[in-house]
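# Structural description and commentary
In case you want the letters, here they are:
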Amino acid sequence: MLLFFLINIGWPLAPQNQTHPLGNNWGEYQDYGGSPYMHPGIDVMGITVGRPVYAVQRGIVKAWLTTQAQYHWRLAIADTNISTDSVEAWLYAHIDPNQYHKNVGDIVNAGDLIGYLVEWPVTGFDHCHFARIKDIGAVWNTADWAFVQNPLVIITPYADTAKPVFENAYGNYKFAICQNNTSTYLNPPTTVTGNVDIIAKIYDKTGLPLSQNPVWEEMIPLRISYEIHGPQNVPSRLSFVFKGYLNYTANLGVVYKNDAVCDSRGDYEYRDFYFIVTNTDGDSLIESTDANYSWNTTGFPSGNYWIVVTASDAAGNITKDSMMVTIPGQGVEEEFYASKNTVLINPNKELNELLTKYDGKIYDVNGRLISSRDNLMTGVYFVTYKKNGEIQQKKIVIIR
């Protein structure tokens with residue numbers, strides 16, 4: 001007979017069986033004057049100075065170290081004492097080094113006092129930076145561990161009652177739309193042509209107030225997706241889910257738009273999160289290649305389309321918002337291009353010239369940039385190029 005034991009993981013501050021206010025979320029855009037990054041943890045707010053911190057699970061202390069002076073001391077408490085293979089652990093950061101705290105090698109049980117929060121240099125922002133991490137070795141002497149899971153999808157309870165909120169991303173318009181991977185915005189964004197990125201401005205709250213500064217209540221949601229409805233539909237596609245492994249210094253520009261128009265900000269004074277929802281291949285990994293994806297409107301029938309974006313949080317609260325756009329009549333020229341070793345059907349003699357002389361680019365029907373036209377499979381592709389100062393488009397059908 002198999003026995004399954006469910007371990008409830010509580011909160012690192014007392015009471016451990018009660019939801020606490022949060023100041024930052026997993027994967028959230030952060031910039032405090034250095035290099036921007038995605039926040040690798042959740043910030044459980046202490047509210048009062050010097051709050052005690054408690055273990056959420058039994059384990060062994062693998063690390064007691066600081067990454068930057070007195071404010072950044074942290075404990076890593078691993079689930080097991082295995083040293084020959086990587087193991088998961090809980091990270092508790094911003095522990096006061098001048099008060100009681102656990103040390104490397106100590107065994108702790110859930111509910112044990114492990115230290116106290118250090119008084120933060122920004123008044124009122126005392127917090128426990130809490131994360132699920134993974135590393136290898138008997139002792140973890142450097143903070144080079146992997147960040148593997150958002151605690152909000154593990155800890156209980158999480159009684160978040162607030163739904164995600166959409167703000168206008170471009171003037172009075174719900175979404176901003178720009179040419180793919182550029183800062184060339186469509187104005188107004190309701191008339192759409194070419195290969196475009198869709199940008200949504202979204203934040204979420206826990207529903208628990210932070211009277212010290214209400215701005216700190218605004219965080220990012222857990223999950224974002226988009227879909228498009230009209231004469232030709234784009235089925236629902238996952239944009240981002242801030243749940244699992246997080247390479248927090250990489251691919252920030254894949255997730256967040258940050259330019260003079262859509263200026264993502266995350267610090268003690270401002271919270272503005274502009275998500276490039278079309279930068280996705282549909283899976284949960286955030287990769288540099290996701291930036292190749294977009295909404296390529298070339299070949300879509302003219303008419304009205306509804307862009308629908310959905311945001312949800314770790315408690316299951318869901319918000320949808322939408323904006324209608326119009327694809328005008330496009331008169332895209334269709335040509336055929338046959339690949340090597342086949343009979344040419346109306347060969348496109350201009351293709352090479354478009355790609356070289358006119359700096360053309362090839363996209364597939366999903367809006368993904370094709371880096372090379374060698375060995376293209378049978379299918380429909382679109383070429384965008386600039387000629388006589390104007391962006392033009394051709395629809396190419398490859399027949400093998």
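Residues numbered from 1 in each chain as written. Predicted model: local features only at pLDDT ≥ 70, side-chain atom pairs only at ≥ 80, totals over all residues. Heavy atoms only, no water.

## Section: the overall build of the chain
Along its length, the chain carries 2 helices and 28 strands. Here the chain, with 400 residues, has 50% of them falling under the buried criterion. Within the chain, residue pairs in contact and separated by at least 24 positions form 63% of the contacts whose partners lie at least 6 positions apart. Element-wise, carbon and sulfur atoms account for 50% of the exposed surface of the chain, whose accessible area totals about 18,100 Å². (Helix = DSSP H or I, 4+ residues; strand = E, 2+ residues; numbered from the N terminus. Buried < 20%, exposed > 50% of the residue type's maximum accessible area, 1.4 Å probe, protein only. Contact = heavy atoms within 4.5 Å. Areas by Shrake-Rupley, 256 points an atom, 1.4 Å probe, with all protein chains shown as cover.)

## Observations concerning the pattern of salt bridges
The final tally for this structure, using the stated rule, is 8 salt bridges. The salt bridge partner of glutamate 167 is lysine 201, with a shortest N-O separation of 3.8 Å. Of this pair, glutamate 167 sits in strand β13 (residues 165–167) while lysine 201 sits in strand β15 (residues 195–203); the two residues are 34 residues apart in sequence, bridging distant segments of the chain. According to the relative accessible area criterion, lysine 201 is buried, its value standing at 9%. A network of salt bridges, in which partner residues are shared, links Glu167, Lys201, Arg265 and Asp272. (Salt bridge = Lys/Arg side-chain N within 4 Å of Asp/Glu carboxyl O.)

## Observations concerning the nonpolar core
Ranked by internal contacts, the top residues of the largest apolar core, which has 49 residues, are Tyr256, Phe275, Trp295 and Val309. Looking at this core element by element, the count peaks at 5 residues for β15. Membership of the second largest hydrophobic core comes to 25 residues, among which are Leu75, Tyr92, Phe130 and Ile155. (Core = buried A, V, L, I, M, F, W, Y, C linked by side-chain atoms within 4.5 Å.)

## Looking at the packing of aromatic side chains
For any two aromatic rings, the description comes down to two numbers: the centre-to-centre distance and the angle of the planes. Under the defined criterion, the tally for this structure stands at 21 aromatic pairs. Aromatic side chains tryptophan 11 and tyrosine 158 sit 6.3 Å apart centroid to centroid with 35° between the ring planes, which places their arrangement in the tilted category. Of this pair, tryptophan 11 sits in the segment before β1 (22–24) while tyrosine 158 sits in the loop between β12 (146–149) and β13, placing them 147 residues apart in sequence. Judged by its relative accessible area of 0%, tryptophan 11 falls in the buried class. Here phenylalanine 242 and phenylalanine 275 contribute two aromatic rings whose centre-to-centre distance is 6.2 Å and whose plane-to-plane angle is 50°, an arrangement assigned as tilted. Of this pair, phenylalanine 242 sits in the loop between β17 (234–241) and α1 (252–255) while phenylalanine 275 sits in strand β20 (residues 274–276), placing them 33 residues apart in sequence. Connected via pairs of aromatic rings, a cluster forms that spans Tyr29, Phe240, Phe242, Tyr256 and Phe275. A cation sits over an aromatic face here: arginine 265 above tyrosine 270, 3.8 Å from the ring centre. (Phe/Tyr/Trp six-rings, centres within 6.5 Å; stacked < 30°, edge-to-face > 60°. Lys NZ or Arg CZ within 6 Å of the ring centre and 35° of its normal.)

## So, the confidence of the model for the chain
Low pLDDT marks stretches whose predicted atomic positions should not be read closely. Across the chain, the average pLDDT comes to 90, with 87% of residues at or above 70. A low-confidence stretch, residues 331–348 stays under pLDDT 50, and its non-local contacts, those more than four residues away or across chains, total 38 contacts. (pLDDT = per-residue confidence, 0-100.)

## A word on the sheet that holds strand β22 (residues 303–312)
Spatially, the 4 strands line up as an open sheet ordered β17-β16-β22-β23, and their pairing is antiparallel. Taken across any chain shown, the strands that pair with only one partner, and hence form the sheet edges, are β17 and β23 (318–327). Strand-to-strand twist of the sheet, defined as the mean angle between neighbouring strand axes without regard to direction, takes the value 20°. When strand β16 (residues 223–229) meets β17, the two strands line up antiparallel, connected through 5 bridges. For arginine 223, the partnering residue across the bridge sits in β17 and is valine 241. (Pairing = 2+ DSSP bridges. Axes fitted to C-alpha atoms, helices over the stretch in contact; angles between N-to-C directions.)

## Quick word on the state of the cysteines
Applying the stated criterion across every chain yields a total of 0 disulfides. Free cysteine cysteine 262: the closest other cysteine sulfur is in cysteine 178, separated by 7.2 Å. (Disulfide = S-S within 2.5 Å.)

## Brief notes about unusual backbone geometry
At the junction of threonine 156 and proline 157, the peptide bond is cis and its omega measures out at -5° in the coordinates. Locating proline 157 in the fold gives a position in the loop between β12 and β13. For the peptide bond that leads from asparagine 187 to proline 188, omega is 5°, which places it in the cis range. Its location among the elements puts proline 188 in the loop between β14 (175–179) and β15. A positive phi angle, close to 65°, is found at isoleucine 47, a residue other than glycine. When you line up the elements, isoleucine 47 lands in the loop between β4 (42–45) and β5 (52–54). Its relative accessible area of 40% is what places isoleucine 47 among the partly exposed residues.

## Here's the deal with the pairing of strand β6 (residues 59–66)
Among the 8 residues of β6, 7 are classified as buried, and the element is accordingly described as predominantly covered. Where β6 meets strand β9 (residues 107–108), 2 bridges bridge the pair, whose relative direction is antiparallel. Its bridge partner lying in β9, glycine 59 is registered against valine 108. Pairing analysis gives 6 bridges linking β6 to strand β7 (residues 73–78), with the strands arranged antiparallel.

## Quick word on the pairing of β15
In regular strands, side chains alternate between the two faces of the sheet. Counting buried positions along β15 gives 9 out of 9 residues, so the element sits mostly inside the fold. As paired elements, β13 and β15 share 3 bridges and run antiparallel to each other. Bridge pairing in β15 links valine 165 to tyrosine 203. Where β14 meets β15, 5 bridges bridge the pair, whose relative direction is antiparallel. Across the sheet, residue alanine 176 finds its bridge partner in β15, namely isoleucine 199. The sheet contact formed by β15 and strand β21 (residues 295–296) spans 2 bridges and is antiparallel. In the sheet register, asparagine 195 faces β21, and the bridge partner there is asparagine 296.

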